[in-house]
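Chain and residue survey
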Amino acid sequence: LVNAENYFKKSAKEDSSYCPTFFQLGLLNYNRRHFEKALKNFREATIGTCYDQPAAHFYQGLSLNGLKRYHEAMMKFDEIDARFKSSEYAVRARKQLQIIQGIDATTTIQEEAHASRKVHEAPEF
């Protein structure tokens with residue numbers, strides 16, 4: 001993996017407009033769970049001629065999800081669903097939206113329960 005990463009970094013230095021290089025770097029970082037680096041790489045992979053390639057956009061959403069930036073991830077998945085309607089990534093984006101909405105609902109319920117416990121545990125004066 002280190003050799004692959006070095007190869008892609010060298011490629012990016014030689015031709016910074018070759019977006020598949022950044023996509024591959026993003027995949028390496030995503031699989032290592034380095035979501036911030038992966039997000040940066042996937043964003044670079046959608047600049048220029050690769051702007052209309054749904055894969056890098058989809059992985060941006062997954063990286064945002066990995067960073068627990070759920071609202072931004074939902075917006076990205078909505079964008080993918082709207083822009084790439086007939087692609088497999090639109091279907092995958094809709095599934096991710098359902099998952100995030102489930103996480104969001106669970107988090108909200110847990111936060112409300114925690115807040116309720118705090119009210120009941122508060123001392124009375």
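Throughout what follows, the structure given in this document is the object of discussion. (Residues numbered from 1 in each chain as written. Predicted model: local features only at pLDDT ≥ 70, side-chain atom pairs only at ≥ 80, totals over all residues. Heavy atoms only, no water.)

Here we come to the state of the cysteines. Tallying each qualifying case throughout the model produces one disulfide. Across the disulfide from C19 sits C50; the S-S distance is 1.7 Å. Its S-S torsion of approximately 60° makes the covalent link between C19 and C50 right-handed. Of this pair, C19 sits in helix 2 (residues 19-31) while C50 sits in the loop between helix 3 (35-44) and helix 4 (54-66), and the two are 31 residues apart along the sequence. You'll find C19 and C50 in the same group, each marked buried. (Disulfide = S-S within 2.5 Å. Helix = DSSP H or I, 4+ residues; strand = E, 2+ residues; numbered from the N terminus. Buried < 20%, exposed > 50% of the residue type's maximum accessible area, 1.4 Å probe, protein only.)

The next thing to look at is the packing of aromatic side chains. Aromatic ring pairs: the centre-centre distance and the angle between the two ring planes describe each pair. Counted by the stated rule, this structure contains eight aromatic pairs. Here F58 and F77 contribute two aromatic rings whose centre-to-centre distance is 5.6 Å and whose plane-to-plane angle is 55°, an arrangement assigned as tilted. One end of the pair, F58, is in helix 4; the other, F77, is in helix 5 (residues 70-83), and 19 residues separate them in sequence. For F58, a relative accessible area of 2% gives the class buried. (Phe/Tyr/Trp six-rings, centres within 6.5 Å; stacked < 30°, edge-to-face > 60°.)

What follows concerns the nonpolar core. Judged by nonpolar contacts, the single largest core of 23 residues is most densely connected at F23, F42, F58, Y59, F77 and I80. Discounting chain neighbours no more than four positions away, the residues touching F42 are F23, G26, L27, Y30, A56, Y59, Q60 and S63. (Core = buried A, V, L, I, M, F, W, Y, C linked by side-chain atoms within 4.5 Å. Contact = heavy atoms within 4.5 Å.)

With that settled, consider the side chain of T21. Its place among the elements puts T21 in helix 2. A distance of 2.9 Å separates a polar atom in the side chain of T21 from a polar atom in the side chain of S11. When sequence neighbours within four positions are dropped, the list of residues in contact with T21 reads F8, S11 and A12. (Polar contact = N/O pair within 3.5 Å; in protein donor to acceptor, adjacent residues only side chain to side chain.)

Structurally, D81 can be placed in helix 5. Given a relative accessible area of 13%, D81 falls into the buried group. Looking at D81, its side chain comes within polar contact range of the side chain of K85, at 3.4 Å. Within polar-contact distance, the side chain of D81 engages the side chain of R94 at 2.4 Å.

Attention now goes to the packing of helix 2 against helix 3. In the contact formed by helix 2 and helix 3, the axes pass within 8 Å of each other and the chain directions differ by 165°. Between helix 2 and helix 3, the crossing angle belongs to the class labelled roughly antiparallel. Every pair of crossing elements has a handedness; the one defined by helix 2 and helix 3 is left-handed. From helix 2, C19, F22, F23, L25, G26, L27, N29 and Y30 reach across to helix 3, where they touch F35, K37, A38, N41, F42 and E44. Taken together, the residues that form the contact of helix 2 with helix 3 break down as nine nonpolar, three polar and two charged. (Axes fitted to C-alpha atoms, helices over the stretch in contact; angles between N-to-C directions. Parallel < 35°, antiparallel > 145°, perpendicular 65-115°, else oblique. Left-handed = near helix turned anticlockwise from the far one by under 90°. Nonpolar A, V, L, I, M, F, W, Y, C, P; charged D, E, K, R; others polar.)

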